[in-house]
Amino acid sequence: QVQLVESGGGLVQAGGSLRLSCAASGRFFSRYAMGWFRQAPGKEREFVAAIDWTGRVTDYADSVKGRFTISRDNAKNMVYLQMNSLKPEDTAVYYCARGKSSMAGKVSQDFGSWGQGTQVTVSS
C-alpha cells in the first residue's frame, strides 16, 4: 500500500514561488509515473503536471507551462513541483498522485493513489 504525503504549501504573494514536495512510502516507487493535480473551491480537480518513471518525460497543463516544473528523485522516493510566477488563480489544494503505470497520464483515472493535499494560496 502506497502512502503519499504532500508538504510545502502556504501563502505567497502573486509573482512569488513555492516548492511542493511529495514523499512516497511503499515499494517500487521508481516504477510508476507521478503527477500533481489541484482543486480550487467550487471547481473540479484538474491536472497540473505529470512525470514518467524515468523522470525524462514530463507533461503540463497549458495554464502552468513555463511557470511550473515537476521533478522526481527515485533514490529518495520524492516528487516535487516547483511553482514560479504564481498567480491568484493558482490558489487551490494541490494533490500528489501515483500513476497506475510507468507512463505519465493527464486524467484522474490514470492515477490510483492520492495524497491528502496541501493548500496553496496566492494573494494579489
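Details of the structure are given in the entry above.
Anyway, here's the lowdown on the structure attached to this text. These numbers come from a predicted model, not from an experiment. (Residues numbered from 1 in each chain as written. Predicted model: local features only at pLDDT ≥ 70, side-chain atom pairs only at ≥ 80, totals over all residues. Heavy atoms only, no water.)

1. What about the state of the cysteines?
Under the definition given, this model contains one disulfide. Each sulfur of the disulfide joining C22 and C96 lies 2.1 Å from the other. Residues C22 and C96 share a disulfide whose torsion about the S-S bond is about -80°; that sign makes it left-handed. Within this pair, whereas C22 is found in strand β3 (residues 18-24), its partner C96 is found in strand β9 (residues 92-99), the two being separated by 74 residues in sequence. For the pair shown, C22 and C96 are each scored as buried. (Disulfide = S-S within 2.5 Å. Helix = DSSP H or I, 4+ residues; strand = E, 2+ residues; numbered from the N terminus. Buried < 20%, exposed > 50% of the residue type's maximum accessible area, 1.4 Å probe, protein only.)

2. Some details on unusual backbone geometry
Phi at N77 takes a positive value of approximately 55°, unusual for a residue other than glycine. Here N77 lies in the loop between β7 (68-73) and β8 (78-83).

3. A closer look at the packing of aromatic side chains
If you walk through the whole model with that rule in mind, you get four aromatic pairs. Measuring from ring centre to ring centre gives 5.2 Å for F37 and F111, while their planes differ by 80°; the resulting arrangement is edge-to-face. Here the residue F37 occupies a position in strand β4 (residues 34-39), and F111 occupies one in strand β10 (residues 111-114), the gap between them amounting to 74 residues. Each member of the pair, F37 as well as F111, carries the same accessibility label: buried. (Phe/Tyr/Trp six-rings, centres within 6.5 Å; stacked < 30°, edge-to-face > 60°.)

4. Observations concerning the pattern of salt bridges
With the rule as written, the count across this model stands at five salt bridges. Between R38 and E46 there is a salt bridge, with its nearest N and O atoms 2.6 Å apart. One salt-bridge network, in which partners are shared between bridges, spans R38, E46, R67 and D90. (Salt bridge = Lys/Arg side-chain N within 4 Å of Asp/Glu carboxyl O.)

5. Digging into the side chain of D90
As for its placement among the helices and strands, D90 is situated in the loop between β8 and β9. Within the structure, D90 has its side chain in polar contact with the side chain of R67 (distance 2.7 Å). The residues contacting D90, other than those within four sequence positions of it, are R38, R67, F68, S85, V120 and V122. (Polar contact = N/O pair within 3.5 Å; in protein donor to acceptor, adjacent residues only side chain to side chain. Contact = heavy atoms within 4.5 Å.)

6. Side note on the pairing of β7
Residues F68, I70 and R72 point to one face of β7 and are all buried, whereas T69, S71 and D73, pointing to the other face, are not buried. Linking β7 to β8, which pair antiparallel, is a turn of four residues; within it N77 sits at a positive phi near 55°. (Pairing = 2+ DSSP bridges.)

7. Observations regarding the sheet that holds strand β1 (residues 4-7)
Taken in spatial order, the four strands make up an open sheet running β1-β3-β8-β7, and their pairing is antiparallel. Single-partner strands in this sheet number two, and they are β1 and β7. Pairwise comparison of adjacent strand axes, ignoring direction, gives a mean angle of 15° for this sheet. (Axes fitted to C-alpha atoms, helices over the stretch in contact; angles between N-to-C directions.)

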